[in-house]
Amino acid sequence: MFRKKLFLLGLIVLSCQWIAQSRGELVDEFRHPPDSARPWTYWFFMDGNVSREGITADLEAMAKAGLGGVILMEVDVGIPRGPVEFMSEEWRGLFKHAVEEAERLGLQITLNAGPGWTGSGGPWVDVEQSMQHLVASAMEVEGPKEFQGILPVPEPRPPYFGESGLPPEILEARKGFYSDVTVLAIPRTDGYRIADIDEKALYVRAPYTSKPGVKPFLPAPAEYPNLPVQSVINATAILDLTDHLQPDGRLNWEVPKGEWTLLRFGRRTTGANTRPAPRPGLGFESDKFDKAALDSHFENFVGKLLEAVGPRPVDRENGWTMLHIDSWEMGSQNWTDGFGAEFRKRRGYDPTPYLPALTGRVVDNLEISERFLWDLRLTAQELVIENHAQHLKELGRRHGFGLSIEPYDMNPTADLTLGGVADVPMCEFWSDGYGFDSAFTCFESTSIAHTLGKPIVAAEAFTAGSGEAWKLYPGAMKNQGDWALCTGINRIVFHRFAHQPWLDRKPGMTMGPYGVHWDRTQTWWPMVSAYHQYLARCQYLLRQGSPVADICYLAPDLAPHVFRPPPSAMSGKLRDRRGYNFDGCSPGALIEHAKVEGDRIIFPGGAAYRVLVLPDFETMTPTLLRKIDELVASGATVIGSPPRKSPSLEGYPDCDREVQQIAERLWGGGLVEQPSKEDMEEATEGEFPILYPRYDSTAQLLGDEGLPPDFESDGPIRYTHRRTDDLEIYFVASAASQTLETDCFFRVKDRVPELWDPITGEARRLAEYSKKEGRTIIPLRFEPYQSFFLVFGHSPDRTAEPLSTKSNFPEVTYHETLSGPWRVSFDPEFGGPGDVVFDNLSDWSQHSDPGIRYYSGIATYEKTFDLPASIDLNSKSILIDFGEVQNLARVRLNDQDLGVTWCAPWRVEIGDVLKEKGNHLEIEVANLWPNRLIGDRLLPSEKQVAWTTWNPYKANSELLPSGLLGPVRIATQEKGGMR
């Protein structure tokens with residue numbers, strides 16, 4: 001590996017708006033985070049099942065529970081249609097009501113850019129303005145002779161998701177639309193075809209997340225095999241017969257001697273349609289290459305809703321504030337009216353002679369044809385970015401809207417490039433064990449935000465398939481949620497909250513089997529605000545200052561592209577980042593924004609990297625290589641293999657000579673040195689190799705330059721790190737299901753550590769820590785899946801709580817177990833028996849009474865107790881520990897609400913309200929819906945307790961443990977210790 005000493009010239013960290021705050025102000029807002037830091041949720045209207053009173057109840061429940069906003073869309077996933085037709089006058093009136101209620105409650109609404117979740121389209125999109133492909137028919141002729149005949153009309157390509165369920169008018173329009181583009185006569189060749197031509201020519205882009213074997217990128221090597229002469233078309237021999245074609249498809253042509261193939265090229269719709277849209281919203285997806293098509297769609301969808309809502313301040317903070325492009329699931333396109341002219345303007349040559357390559361035929365040679373296809377994909381990407389994503393952003397700006405984008409899945413562009421358009425880049429992660437692995441999107445969107453200086457990274461969070469079925473709850477989600485925060489996500493958007501049009505049905509409306517059930521009808525919804533507050537505290541701190549990472553992986557110069565960091569840079573089941581953190585970077589972001597200051601490559605917003613790692617790719621455009629040359633000349637450390645050629649025909653062959661000249665100067669001159677074969681990542685994902693060196697090789701380079709890892713621990717502790725002018729802020733979270741004690745190493749020196757607990761809001765100085773070799777070493781103890789912020793300031797702050805212990809985590813001493821009997825009240829409205837007595841704490845699902853065994857909801861435990869004689873009321877912190885709780889608990893003591901406990905450690909501080917005698921304890925415990933849904937299968941329909949649109953459970957399904965299982969104990973801890 002290349003090692004190079006650099007002079008430290010200093011680093012100017014670009015500041016975010018929060019940096020000027022004092023430590024005291026930051027603590028106050030950490031304890032009571034602003035509404036802007038709250039988590040969000042997807043809010044789905046289910047195919048016309050919408051009501052005014054349900055909208056108000058939903059939004060009031062969200063605001064009360066501590067949510068900050070919603071992403072709204074209407075979908076059809078098999079729920080019976082409701083009475084309100086999508087986009088009717090009544091529907092638009094209900095949308096206006098939702099906006100007004102959101103304004104009243106201080107909530108934000110982001111509206112998806114079209115019906116369903118695929119993109120931007122609808123029944124108002126004319127087939128002429130739909131997504132299009134260039135398709136071709138072939139006819140063999142032999143000359144010399146006079147040819148007069150009708151050429152066959154090229155058949156449309158089948159839509160990726162088929163045509164089932166589409167209205168007849170869409171099917172007829174799809175079948176009927178055709179427009180000629182050109183007719184070419186080519187010398188007949190043998191049957192050789194370019195490999196993977198449907199992908200390379202953008203006829204097909206399958207979903208990367210859900211379909212195995214989809215390529216994350218298409219190869220663009222420097223060398224291709226030579227083909228036999230009979231397999232290749234000489235471009236100079238191609239004849240353009242377009243002027244000979246009559247409007248009815250008849251061709252009049254004097255055929256020269258030889259065997260010829262007539263290729264009739266024309267535009268047809270791809271057939272991509274809105275999905276899964278309500279039936280009144282079914283229609284074509286608008287042309288992603290054409291601004292006029294988007295203008296029309298915007299006017300017919302967003303424009304009509306703007307008319308219904310009426311004027312609003314452009315600088316509004318609440319109500320309808322943003323537009324959204326959800327995961328790209330409408331596939332690719334490769335043509336539009338005027339595409340040829342756009343291609344000539346952008347690439348500098350006429351694409352017409354190379355169009356046979358779209359059919360898989362080879363023009364001139366395989367390398368030339370592959371370069372043309374690379375240019376085709378680049379042009380398509382530019383048009384999607386400029387005429388669709390960026391144009392939607394510009395249209396929205398006129399009305400005060402921001403834009404969020406999920407830039408992945410069937411995306412025909414590079415994910416990092418499309419996501420870079422967004423004000424809020426978004427990713428998606430599925431609930432662990434309940435769906436697909438889309439973690440790559442989280443690395444993509446955090447990278448976009450960090451390199452482009454975007455303060456918020458949102459995630460469609462905890463998406464789930466049918467197996468989830470009301471089994472998840474905040475405590476079960478904490479480990480994965482903390483993983484998401486450590487990737488750099490700082491806005492959780494739960495998938496999903498189904499709009500509940502009724503006020504008297506529980507669990508009520510679902511999204512069929514999809515999503516975690518984040519609804520006001522959840523059993524534990526009255527307690528969920530505690531989890532939301534935890535996330536708000538975390539998200540608030542994780543927006544301070546700028547992110548800290550050392551490695552920047554440059555994405556290759558191509559489209560489509562899915563960014564995948566080397567697996568060796570991560571560890572653990574969920575793929576936690578290792579001690580030197582990383583981001584990916586698109587070529588465009590590097591070219592437009594990267595600079596070198598001191599020994600770092602810096603970007604807007606303050607992200608700064610010690611090393612730029614190039615992809616192991618044989619081709620690179622001269623523009624990108626010139627930028628790398630500029631960075632190296634300014635002092636950047638770069639690792640990677642030299643490119644050999646350009647992937648494009650633009651400027652060919654001079655482009656290759658320029659690439660070779662710059663590469664010789666950089667690599668041949670010793671300014672950049674390529675990694676050895678041993679350094680390269682040997683792992684693959686599927687059949688595709690990883691493009692970057694092994695993490696350990698890059699880490700060794702950084703270590704040899706005197707830079708220790710940013711964070712290390714002996715245990716499974718994940719982390720992320722942000723920096724302000726005054727503070728180093730680390731978020732650390734245990735990935736262990738048991739209590740863990742470990743030393744944690746932070747790359748911070750000459751600063752005083754404080755521990756900020758996002759569960760309680762407590763911020764306190766730590767007593768135990770040491771300094772060694774530029775790092776601070778802190779012994780930490782984590783309860784199962786527990787998390788903290790370690791905040792390092794320049795010196796002790798008088799606003800911090802004073803040290804009163806010699807240990808970072810004073811031991812908890814247990815004094816007395818509160819044994820039975822317990823009075824327990826089960827709500828009869830939920831099928832419970834009312835008041836009962838438990839002699840001992842036990843699992844509801846094991847109880848002999850079916851009203852308890854199948855109970856789902858909240859039950860209240862009550863007991864009166866005296867303070868144990870061994871405890872002095874004034875000497876120590878006094879706690880109550882609940883042992884095991886299934887699944888959340890709210891605690892009241894002597895009529896004082898002490899809050900909700902939803903994760904380890906299952907304890908709360910009670911000293912402030914405790915009395916010597918006669919303490920009245922109430923513990924409200926919420927379990928989950930499955931037990932009731934199982935019990936209802938044993939009852940006739942008129943006696944069933946629950947009502948829902950989807951119940952996957954059977955009478956013999958396994959019941960879930962429920963209730964307060966204990967033991968419930970009174971405990972003490974030295975004051976100043978953790979609560």
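Residues numbered from 1 in each chain as written. Predicted model: local features only at pLDDT ≥ 70, side-chain atom pairs only at ≥ 80, totals over all residues. Heavy atoms only, no water.

Visitor: Would you explain the overall build of the protein in this entry?
Guide: Assigned secondary structure in the protein consists of 18 helices and 51 strands. Scaling as 2.2 N^0.38, a compact globule of 979 residues should have a C-alpha radius of gyration of about 30 Å, and the protein matches this with 31 Å. Summarising its shape, the C-alpha atoms of the protein cover approximately 110 × 75 × 50 Å along the three principal directions. Scored against the burial criterion, the 979 residues of the protein give a buried share of 63%. Nonlocal contacts in the protein, meaning residues at least 24 apart in sequence, comprise 80% of its contacts between residues at least 6 apart. Accessible area of the protein: about 35600 Å², with a carbon and sulfur share of 47%. The centroid of the 100 positive side-chain charges in the protein is displaced by 1 Å from the centroid of its 136 negative side-chain charges. (Helix = DSSP H or I, 4+ residues; strand = E, 2+ residues; numbered from the N terminus. Rg over C-alpha atoms; globule rule 2.2 N^0.38 Å. Buried < 20%, exposed > 50% of the residue type's maximum accessible area, 1.4 Å probe, protein only. Contact = heavy atoms within 4.5 Å. Areas by Shrake-Rupley, 256 points an atom, 1.4 Å probe, with all protein chains shown as cover. Lys, Arg positive; Asp, Glu negative; His and termini not counted. Charge placed at Lys NZ, Arg CZ, Asp CG, Glu CD.)

Visitor: How should the pairing of strand β45 (residues 888-893) be read in this particular structure?
Guide: Two faces, one strand: in a regular strand the side chains alternate between the faces of the sheet. Where burial is concerned, most of β45 is hidden: five out of the six residues are buried. Where β45 meets strand β48 (residues 919-926), six bridges bridge the pair, whose relative direction is antiparallel. Paired with R890 across the two strands is E924, which belongs to β48. The pairing of β45 with strand β46 (residues 896-901) spans five bridges and is classified as antiparallel. Residue pairing across strands places R890 opposite V900, the latter belonging to β46. In textbook terms, the turn of a hairpin is the stretch between consecutive antiparallel strands, and for β45 and β46 this stretch comprises two residues, one of which, N894, has a positive phi near 50°. (Pairing = 2+ DSSP bridges.)

Visitor: Please clarify how helix α3 (residues 89-105) should be interpreted in this entry.
Guide: Side chains of residues three or four places apart in an α-helix project in the same direction, reflecting 3.6 residues per turn. Helix length check: α3 (17 residues) gives 24 Å between terminal C-alpha atoms against 24 Å at 1.5 Å per residue, within 8%. Listed in full, the buried residues belonging to α3 are W91, L94, F95, H97, A98, V99, E101 and A102. Looking at the buried side of α3, the elements it contacts are β1 (40-46), α2 (52-65), β2 (69-75), β3 (108-112), α6 (291-309) and β11 (319-325). Just downstream of α3, G106 is the residue with a positive phi angle, here 75°. (Expected span 1.5 Å × (residues − 1).)

Visitor: Would you mind showing me how to read the environment of A459 here?
Guide: Inspection of the secondary structure assignment puts A459 in strand β15 (residues 458-463). Counting along the chain gives 95 residues from A459 to D364, while the straight-line C-alpha distance between them is 46 Å.

Visitor: Got a minute to help me understand the packing of aromatic side chains in this structure?
Guide: Here a ring pair, both rings aromatic, is described through the centre-centre distance and the interplanar angle of the planes. Using the criterion set out here, one finds 57 aromatic pairs in the structure. Ring centres 5.8 Å apart and planes at 55° place the aromatic pair F443 and F582 in the tilted group. Residue F443 is located in helix α10 (residues 439-452), and its partner F582 is located in strand β22 (residues 582-585); the two are separated by 139 residues in the primary sequence. Overall, F443 belongs to the buried group, its relative accessible area being 2%. Centre to centre, the rings of F788 and F809 are 5.8 Å apart; their planes meet at 40°, and the pair counts as tilted. Taken together, the positions of F788 in strand β38 (residues 787-793) and F809 in the loop between β38 and β39 (813-817) put the pair 21 residues apart, joining distant regions of the chain. For F788, a relative accessible area of 0% translates into the label buried. Among the aromatic residues, ring-to-ring pairing joins W43, F45, F86, W91, F95, W124, F301, W320 and F401 into one connected group. Over the face of the ring belonging to W502 we find R505, whose NZ or CZ atom lies 4.6 Å from the ring centre. (Phe/Tyr/Trp six-rings, centres within 6.5 Å; stacked < 30°, edge-to-face > 60°. Lys NZ or Arg CZ within 6 Å of the ring centre and 35° of its normal.)

Visitor: Is there a simple way to explain the sheet that holds strand β6 (residues 179-187) in this structure?
Guide: Each strand in a sheet pairs with another by means of backbone hydrogen bonds, the pair being arranged parallel or else antiparallel. Spatially, four strands are ordered β5-β9-β6-β8 in an open sheet, and the strand pairing comes out antiparallel. Edge positions in the open sheet fall to β5 (132-150) and β8 (239-240), since each of these has one partner strand only. Pairing between β6 and strand β9 (residues 250-269): eight bridges, direction antiparallel. Each bridged residue has a counterpart across the sheet, and for S179 the counterpart in β9 is R267.

Visitor: Would you take a moment to explain the pairing of β6 for this structure?
Guide: With two bridges joining them, β6 and β8 adopt antiparallel strand pairing. Residue A185 lies in a different strand from β8, and its bridge partner there is L239.

Visitor: Can you help me understand helix α8 (residues 366-397) in this one?
Guide: When the terminal C-alpha atoms of α8 are compared, their 45 Å separation across 32 residues agrees well with the 46 Å that a helix rising 1.5 Å per residue should span. Helix geometry: α8 is bent most strongly at H391, by close to 40°. The buried fraction of α8 is high, at 28 of 32 residues. Structurally, the start of α8 carries an N-cap: the backbone nitrogen of E367 is 3.1 Å from a side-chain oxygen of N365. (Bend = angle between axes of the 7 residues up to and from the residue. Polar contact = N/O pair within 3.5 Å; in protein donor to acceptor, adjacent residues only side chain to side chain.)

Visitor: Would you take a moment to explain the sheet that holds β39 for this structure?
Guide: Within the open sheet, the four strands sit side by side as β39-β51-β43-β47. Their pairing is antiparallel. Two strands in the sheet have a free side with no partner beyond their single neighbour: β39 and β47 (907-909). The average angle at which neighbouring strand axes cross in this sheet is 30°, direction not considered. (Axes fitted to C-alpha atoms, helices over the stretch in contact; angles between N-to-C directions.)

Visitor: For this particular structure, what's the right way to read the confidence of the model for the protein?
Guide: A low pLDDT means the predicted coordinates there should not be read in detail. Looking at the protein, pLDDT values average 95 and 96% of them are 70 or higher. Within the protein, the element-level pLDDT minimum falls on strand β28 (residues 684-685), averaging 71, and the maximum on α2, averaging 99. For residues 1-20, every residue scores under 50 in pLDDT, and the model assigns this stretch 53 contacts once sequence neighbours within four places are set aside. (pLDDT = per-residue confidence, 0-100.)

Visitor: Could you clarify how one ought to interpret the nonpolar core in this entry?
Guide: In summary, soluble globular proteins display a tendency toward joint burial of nonpolar side chains. Core analysis: the largest hydrophobic core is formed by 148 residues, its most contacted members being W43, W320, F372, F429 and F789. With twelve residues, the top contributor of residues to this core is α8. Other than its neighbours up to four places away in sequence, W320 contacts F95, V99, I109, L111, V302, L305, L306, V309 and F401. With 44 residues, the next largest nonpolar core counts V891, W906, I923 and L959 among its residues. (Core = buried A, V, L, I, M, F, W, Y, C linked by side-chain atoms within 4.5 Å.)

Visitor: Please explain the side chain of E285 as it appears in this structure.
Guide: Mapped onto the secondary structure, E285 falls in strand β10 (residues 284-285). Among the residues examined, E285 registers a relative accessible area of 0% and is labelled buried. Ignoring sequence-local partners within four residues, the contact set of E285 consists of T118, G119, S120, G121, V125, Q129, S130, M131, A272, N273, T274 and M330.

Visitor: It is not clear to me how the pattern of salt bridges should be interpreted in this structure. Could you clarify?
Guide: When their charged atoms lie close together, side chains carrying opposite charge are able to pair. Applying the stated criterion to the full structure yields 58 salt bridges. When the shortest N-O distance is used, the salt bridge between K393 and D423 registers 3.7 Å. With a gap of 30 residues between them, K393 in helix α8 and D423 in the loop between α9 (415-419) and β14 (424-430) connect regions that are remote in the sequence. The exposure class assigned to K393 is buried, which follows from its relative accessible area of 14%. Taking relative accessible area as the criterion, D423 reaches 22% and is therefore assigned partly exposed. Between E741 and R781 there is a salt bridge; the shortest N-O distance is 3.9 Å. In this pair, E741 sits in strand β33 (residues 740-746) while R781 sits in strand β37 (residues 775-782), placing the two residues 40 residues apart along the sequence. Counted as one network, the salt bridges with shared partners bring together E223, E367, R371, E618, R644, K645 and D656. (Salt bridge = Lys/Arg side-chain N within 4 Å of Asp/Glu carboxyl O.)

Visitor: Teacher, can you tell me more about the packing of α6 against α8 here?
Guide: Closest axis-to-axis distance for the α6/α8 pair is 9 Å, and the angle between their directions is 40°. In terms of axis orientation, α6 runs oblique to α8. As α6 runs across α8, the sense of the crossing is right-handed. From α6, K291, L294, D295 and F298 reach across to α8, where they touch E386, N387, H388, H391, L392, L395 and G396. The residue makeup of the contact of α6 with α8, split by class, is four nonpolar, four polar and three charged. (Parallel < 35°, antiparallel > 145°, perpendicular 65-115°, else oblique. Left-handed = near helix turned anticlockwise from the far one by under 90°. Nonpolar A, V, L, I, M, F, W, Y, C, P; charged D, E, K, R; others polar.)

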